[in-house]
Amino acid sequence: MSDPQGNRISELIDAVRRPLEFASRNGFANILAIKGLESHITRICGIASANDPPDCIAEKFRELNAAFKGFDAMALSEKRLRVENALSIVGSICLNPSPLAEKSVPENDGKNLKLLKSPLLNIAGIGQRLFERLEKKGLSTVEDALYFLPIRYEDRRNLKDIKHLTPGADGLLLVRVIATGEVRYGGRKVFEVIAGDETGIVKLKWFNYRISYMKDRFKVNASLKAFGPVTLFNGQKEMVHPDIEEFDESDLSGVEGYKGIVPVYSQIDNMRQRTIRRMIRGIVEKYAGHFVCGSPEATRRELNIMDAGTAFLNIHIPDSLAAIERAKRALSFDELFVLELGLAIKKARIKAGHGPCFDLSRAKRTGLADRLKKVLPFSLTAAQERVLKEIKADFASRHPMMRLVQGDVGSGKTIVSLIASLWAIEAGFQVAVMAPTEILAEQHYLLIHGYAEKLGLKAVLLTGGLARGERQRALDEIRTGGVDIAIGTHALIQKDVEFNRNALAIIDEQHRFGVEQRAELKKKGADFIPHMLIMTATPIPRTLSMTVYGDLDVSIIDELPPGRTPVRTFAFKERERERDRAYGTIAKEVASGAQAYIVYPLVEESEEISLKDATRAKEHLQKGVFSDFAIGLLHGRLKPLEKEEVMRDFKARKTQILVCTTVVEVGIDVPNATVMLIEHADRFGLSQLHQLRGRVGRGERPSCCFLMAPWKASDDAFRRLKVMQETEDGFKIAEEDLKIRGPGDFIGTRQAGLPDFRSMGAMTDYALLKDARQAAFNYLEANPGLNGDGPASIKEVLRHRWHGRLELAEIG
């Protein structure tokens, strides 16, 4: 049953949250763009009071109202602080009691947490201009500065002269510039600095540079500090793309206050490292001791982990390399424990909810799943059967299922979800299947609709591209129960979509949806929380599956159906002969009756980014090298009917080559396509390249994929592409992708409703993650509701770190 008052309060909370979140984005860059925020908050708080909410909620709205008195006239720094506090208040408003609802925080810890949020503008020596420069770097508060961790360290105990440099190892030099200039090696220009000390000469080289900047930066007789790997070329010692810093004679004796190990920070504008070090050190010495740990002292003692405050001191002002490693581990554990404790709470809430029980022994329709297996043109793999067994066990319980099914490209996730759907239908319920794009939704519909008809079931497709009359008929059938399976895009979560008895929600490629969208689908159940089956073809490293999906049960389809054709992959930097090879292979395959994809990162030419674009490329290829073939163009800006027509022509072989963007990344199944060329492959993540590559090799013919990077692509980028050439194992690729891109870029922790990771190694140390997860779940079990003997500040740290996202992130 719905709660009208609760729904109204929830709407008011959203009305406050939305402008606050907008104001806080991009380091509060939008805060000046919002007009009338004070009057808006005051009005909403007045409406809330008129709705006579419970005392605890009424108090929160009074806090909000007070926080925005005189807001319009405040200084920018004070406005930022008020918005941050308001978001914390909004996040703590909970319509259902939760372990975080209580507020019994020791006064000291409460003050310390507030202190960590102090703007850096309040610190002596940081004026308005410096503060604005720090803000651009994402440094706004004391806590930000503590987490501004060094990118590396210089061990000045090992300062060497040129004579004793070892090729193949890192070297730290103090040298003087002798000469500078551009040098040509073959067809490539290189900027060189000839530098020396009393023992010899070394060349410093740059392949990617702006000549005006380099000439201005490197002056003859200037003193430099150079750090980087040492190589040997034609008998001459060199450093390629070294880290450079100017120095004066005082640098020769090291940096005052550091014991030979000096932190190096990410650059802030044109500030010298010495200035950055001095500023960060002052903040750390003053505030590190006020940091409030998110894990209990007993847990840290048991696992031999230092407290986070001491860790900040050891990271920024290190005594030894060993101390730095212990400190990194401590900060990672602190973040992971808070994350896993929040996930443990979410999981406990989900398990406590009331879900539909599928008693298949009393099914209204029987044997649907068995009949489907008989008409399938293949047998299920052992991995598919195992996952189905896990799903069936979930259905038999009275708690809502929250299960993630991972499977590499072509592993058969869709058939698994269809059989799960048939079990729900046998028990007398409806099923909703949501996909992120119309193309993928249509793909699901074509597959499911064909099997549904053979079983006497009704499937309907609901997308934004439907005509009004057709859409209304679909809505009526869904509402009255005439539809068994509703398949669609975001259109499924519109307010006018009402299900008769939806008990299973299936989300495909879920990382493309925001948390709010998944929450809306979850609300489409009847008088219970529907089971949720989340599918992804993006292999997820085990560390991420324990974090981003730590509150879900995870199933893995780790076996491909027999008959999948291996895809040979070739990574290369663009030269005329390599392009001729790729084009020649495409022409040969197409001439023999196969089809090809050519993928570009842009739709249309951009003046700001020098990348090949799909629109112009299609015209160029059609007039030139592939003039004998029919070429189609597919990208996200086409209208739904246009996309459908392009894909229909490609599947029907009316077009032989499809020039496209990443819109084909998931769900497109054309078995006749045997070759793919990906332009500017260095601009894509490895997991995305793996998804794109999965569009070929779906038939019986040998298939191949060309990854083309521009000649000027860095060696690191090219080495990354070589990973694709070496393996087709999506999980190995995902692990490598995570190391390169980090967790935020890999899957979007903010979109997943999780706290941001700020420490080094939080997502790559599997053993530490396991320890943190076990400790967090054990702690919650020993302190249900977090009301045990542990420190009450842990509740407040949870609120502080999750930024009010714990309730929303419950969706998974």
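Scroll up to find the structure.
Rules and cut-offs
Residues numbered from 1 in each chain as written. Predicted model: local features only at pLDDT ≥ 70, side-chain atom pairs only at ≥ 80, totals over all residues. Heavy atoms only, no water. Helix = DSSP H or I, 4+ residues; strand = E, 2+ residues; numbered from the N terminus. Buried < 20%, exposed > 50% of the residue type's maximum accessible area, 1.4 Å probe, protein only. Contact = heavy atoms within 4.5 Å. Areas by Shrake-Rupley, 256 points an atom, 1.4 Å probe, with all protein chains shown as cover. Pairing = 2+ DSSP bridges. Axes fitted to C-alpha atoms, helices over the stretch in contact; angles between N-to-C directions. Disulfide = S-S within 2.5 Å. Core = buried A, V, L, I, M, F, W, Y, C linked by side-chain atoms within 4.5 Å. Expected span 1.5 Å × (residues − 1). Salt bridge = Lys/Arg side-chain N within 4 Å of Asp/Glu carboxyl O. Arc of directions from axis to C-beta. Phe/Tyr/Trp six-rings, centres within 6.5 Å; stacked < 30°, edge-to-face > 60°. Lys NZ or Arg CZ within 6 Å of the ring centre and 35° of its normal. Nonpolar A, V, L, I, M, F, W, Y, C, P; charged D, E, K, R; others polar.

## So, the overall build of the protein
Scanning the protein for helices and strands turns up 28 helices and 21 strands. For the protein, the residues scored as buried account for 55% of the 812 residues in total. Taking the contacts inside the protein whose residues are at least 6 apart along the sequence as the reference set, 76% of them involve residues at least 24 apart. With an accessible surface of roughly 36,500 Å², the protein has 49% of that area assigned to carbon and sulfur atoms.

## Remarks on the sheet that holds strand S16 (residues 567-573)
The parallel open sheet is built from six strands, whose spatial order is S16-S21-S20-S17-S19-S18. In this open sheet, the two strands that pair with only one neighbour each are S16 and strand S18 (631-634). Neighbouring strand axes in the sheet, compared pairwise and without regard to direction, differ in orientation by 15° on average. In the sheet, strand S17 (residues 595-599) pairs with strand S20 (residues 673-678) via five bridges, with the strands oriented parallel. Bridge assignment links Val-599 to a residue of S20, and that residue is Ile-678. Packing of helix H23 (residues 686-693) onto the sheet brings it into contact with S16, S17, S20 and strand S21 (703-709), and relative to S20 it is tilted by some 150°.

## Structural notes on the state of the cysteines
Under the counting rule described, the total for this entry stands at zero disulfides. Take Cys-705: it sits in no disulfide, and the sulfur closest to it among the cysteines is that of Cys-704, at 7.8 Å.

## Here we look at the sheet that holds strand S14 (residues 531-536)
Across the sheet, which stays open at both edges, the seven strands sit in the order S11-S12-S10-S13-S14-S9-S15 with parallel pairing between neighbours. For this open sheet the edge positions go to strand S11 (459-462) and strand S15 (553-557), each flanked by a neighbour on one side alone. The average angle at which neighbouring strand axes cross in this sheet is 20°, direction not considered. When strand S9 (residues 402-407) meets S14, the two strands line up parallel, connected through five bridges. Within the sheet, the bridge partner assigned to Met-402 lies in S14 and is Met-532. Lying on the sheet, helix H17 (residues 468-480) is in contact with strand S10 (430-434), S11 and strand S12 (485-488); it crosses S11 at an angle near 130°.

## Considerations on the side chain of Ser-417
Position of Ser-417 among the secondary structure elements: in helix H15 (residues 413-426). Setting aside residues up to four positions removed in sequence, Ser-417 forms contacts with Ile-506, Leu-533 and Met-535.

## Some remarks on the nonpolar core
In terms of nonpolar packing, the biggest core is built from 64 residues, with Leu-120, Met-279 and Leu-341 touching the most fellow members. Apart from the residues within four sequence positions on either side, Leu-120 is in contact with Ile-126, Phe-131, Leu-134, Leu-139, Ser-140, Thr-141, Val-142, Ala-145 and Ile-283. Residues Leu-368, Leu-372, Ile-391 and Leu-461 belong to the second largest nonpolar core, which totals 46 residues.

## Quick notes on H17
For H17, which comprises 13 residues, the first-to-last C-alpha distance of 18 Å matches the rise-based estimate of 18 Å (1.5 Å per residue) to within 8%. Those residues of H17 that are buried are in contact with S10, S11 and S12.

## Overview of the pairing of strand S6 (residues 236-240)
Note that strand S4 (residues 200-206) and S6 share three bridges and pair parallel. Following the sheet pairing, Lys-203 is matched in S6 by Glu-238. Direction of pairing for strand S5 (residues 223-233) relative to S6: antiparallel, over a ladder of four bridges. Of the residues in S6, the one forming a bridge with Val-230 is Met-239. With antiparallel pairing between neighbouring strands as the criterion, S5 and S6 make up a hairpin whose turn holds two residues, including Asn-234 at a positive phi of roughly 55°.

## Re the pattern of salt bridges
Think of it this way: side chains of opposite charge can pair up when their charged atoms draw near. Inspection of every chain in the model, using the stated rule, returns 24 salt bridges. For Asp-496, the salt bridge is made with Arg-471, and the minimal N-O distance between the two is 2.9 Å. Separated by 25 residues along the polypeptide, Asp-496 in the loop between S12 and strand S13 (502-508) and Arg-471 in helix H17 bring together distant segments of the chain. On the basis of relative accessibility, which here comes to 40%, the residue Asp-496 falls in the partly exposed class. Here Glu-574 and Arg-579 are joined by a salt bridge, their closest N and O atoms 2.9 Å apart. When its relative accessible area of 12% is taken as the criterion, Arg-579 is described as buried. Residues participating in the shared-partner salt-bridge network are Arg-152, Glu-154, Lys-225 and Asp-243.

## Side note on helix H22 (residues 640-651)
Taking 1.5 Å per residue, twelve residues should reach 16 Å; H22 reaches 16 Å between its end C-alpha atoms and fits that length. Taken as a whole, H22 has its buried residues at Lys-643, Val-646, Met-647 and Phe-650. Buried positions in H22, seen along its axis, are confined to an arc of 90° and lie on one side of it. Looking at the packing, one finds that the buried side of H22 touches helix H16 (438-454), S17, S18 and strand S19 (657-660). Taken from the residues just after H22, Arg-653 is the one with a positive phi, measuring 65°.

## Here's the deal with the packing of aromatic side chains
Counting across every chain of the model gives 17 aromatic pairs. Summarising the aromatic geometry, the rings of Tyr-147 and Phe-291 are spaced 6.0 Å apart at their centres and angled 75° between planes, so their arrangement reads as edge-to-face. Of this pair, Tyr-147 sits in the loop between helix H7 (142-146) and strand S1 (152-155) while Phe-291 sits in the loop between helix H9 (273-287) and helix H10 (297-303), and the two are 144 residues apart along the sequence. Its relative accessible area of 8% is what places Phe-291 among the buried residues. Members of the aromatic cluster, connected to one another through ring pairs, are Phe-191, Trp-206, Tyr-209 and Phe-218. Here the basic side chain of Arg-581 rests over the ring of Phe-570, its NZ or CZ set 4.4 Å away from the ring centre.

## Focus: the environment of Ile-317
Structurally, Ile-317 is set in the loop between helix H11 (308-316) and helix H12 (321-352). On a C-alpha basis, the gap between Ile-317 and Val-284 in space is 8.7 Å, while along the polypeptide they are 33 residues apart.

## Brief notes about unusual backbone geometry
A positive phi angle, close to 50°, is found at His-241, a residue other than glycine. Relative to the helices and strands, His-241 is located in the loop between S6 and strand S7 (243-246). When its relative accessible area of 35% is taken as the criterion, His-241 is described as partly exposed. Phi at Arg-653 takes a positive value of approximately 65°, unusual for a residue other than glycine. Relative to the helices and strands, Arg-653 is located in the loop between H22 and S19.

## Some words on the environment of Tyr-451
Note that Tyr-451 resides in helix H16. Look at Tyr-451 and you get buried, because its relative accessible area is 12%. For the pair Tyr-451 and Leu-372, spaced 79 residues apart in sequence, the C-alpha to C-alpha distance is 7.3 Å.

## Some words on the packing of helix H13 (residues 368-375) against H15
Two numbers describe how H13 lies on H15: the axes approach to 8 Å, and their chain directions differ by 145°. Here Leu-368, Ala-369, Leu-372 and Lys-373 of H13 lie close against H15, whose contacting residues are Leu-418, Ile-419, Leu-422, Trp-423, Ile-425 and Glu-426. Broken down by class, the residue content of the contact of H13 with H15 amounts to eight nonpolar, no polar and two charged.

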